[in-house]
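Breakdown of the fold
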Amino acid sequence: MCCCIVPPAMYWDPGATPNSECMYTGPDLIESPMSRYDRNQPTRNHRSNPCCFCWCCCCSCSWNEDRNRRRRLSRDTKLEIVPHCEVCSKPSSEEVCSWASSFEKLMKNPAGRNVFREFLRTEYSEENMLFWLACEELKKDYCKHSIEDKARMIYEDYISILSPKEVSLDSRVREMINRRMQEPSSHTFDDAQLQIYTLMHRDSFPRFLNSGVYKSLLQNISRSSSES
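The name given to the protein in an unreviewed UniProt entry is Regulator of G-protein signaling 20, with the source organism recorded as Xenopus laevis. As recorded by UniProt, the Subunit (unreviewed entry) comment attached to the protein reads in full: "Forms a complex with G(alpha)z/i2 subunits and mu-opioid receptors; the formation of this complex results in mu-opioid receptor desensitization. Interacts with OPRM1."

In structure tokens, the structure reads:
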């Protein structure tokens, strides 16, 4: 679900001319599985406002609901290094089409990751992408103290069996991580990251290509390109 309470400069207008400088952040993050129970709670002052400029799909949303959802997410996730959505430029129709033939191209493209992440939300498996992104951020850190803190938070959020966002890993990889956590490094989760990458590629990616999320984006991008 997305919300339009962002500055107009961040919207992508499909009717804009090719020379327009447009940036978009993709769909807003919905609640995590941990906070699904909130759906059954009464919502006050709910206002239905159609989203006119969302780049992926339209929905009904309210500012108060979005603010409360972000507050719940901040409690569910300890990590501060994974953004709600990556800021990126509008992908071309060629780029969107190329994702269908290459999972690697999809994952290397910020816009592709945003779209794929939106699909994973619908399957309640967004933690796989969040874990992968957290590992990528960890590799960029060179401060030992910071690395240890981030590694501990990644472990608590995605490896611990007590976490609601635990990713699916085999026992061999888990044992390896437990040993490496005695002296964490920026590559502590490399094997786990590869296993989750492979899982997303083989399991989620084929369904993504047949999903309404991808097909809708492909149609919108193609139509926008033909009108330009």
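**Observations regarding unusual backbone geometry**
Trans is the common state for peptide bonds, and a negative phi is the common state for residues other than glycine. Even without being a glycine, Y124 presents a positive backbone phi close to 55 degrees. The residue Y124 is located in the loop between α4 (110–122) and α5 (126–139) in this model.

**So, the side chain of K150**
The topology assignment puts K150 in helix α6 (residues 144–159). A distance of 2.9 Å separates polar atoms of two side chains, one belonging to K150 and the other to D141.

**Observations regarding the nonpolar core**
Where a protein is soluble and globular, its nonpolar side chains tend to be buried together. The biggest cluster of nonpolar side chains holds 40 residues, and the ones touching the most others in it are F116, F131 and F189. Looking at this core, the elements with two or more residues in it are α3 (103–108), α4, α5, α6, α7 (171–180), α8 (190–209) and α9 (212–227). In terms of residues, this core owes the most to one element, α5, which gives 8 residues.

**So, the packing of α4 against α5**
Running from amino to carboxyl end, α4 crosses α5 at an angle of 140 degrees, the nearest separation of the two axes being 7 Å. Residues R113, F116, R117, L120 and R121 of α4 pack against E126, M129, L130, W132 and L133 of α5.

Rules of the game
Residues numbered from 1 in each chain as written. Predicted model: local features only at pLDDT ≥ 70, side-chain atom pairs only at ≥ 80, totals over all residues. Heavy atoms only, no water. UniProt positions renumbered as here; feature names shortened; annotations may be inferred. Helix = DSSP H or I, 4+ residues; strand = E, 2+ residues; numbered from the N terminus. Polar contact = N/O pair within 3.5 Å; in protein donor to acceptor, adjacent residues only side chain to side chain. Core = buried A, V, L, I, M, F, W, Y, C linked by side-chain atoms within 4.5 Å. Buried < 20%, exposed > 50% of the residue type's maximum accessible area, 1.4 Å probe, protein only. Axes fitted to C-alpha atoms, helices over the stretch in contact; angles between N-to-C directions. Contact = heavy atoms within 4.5 Å.

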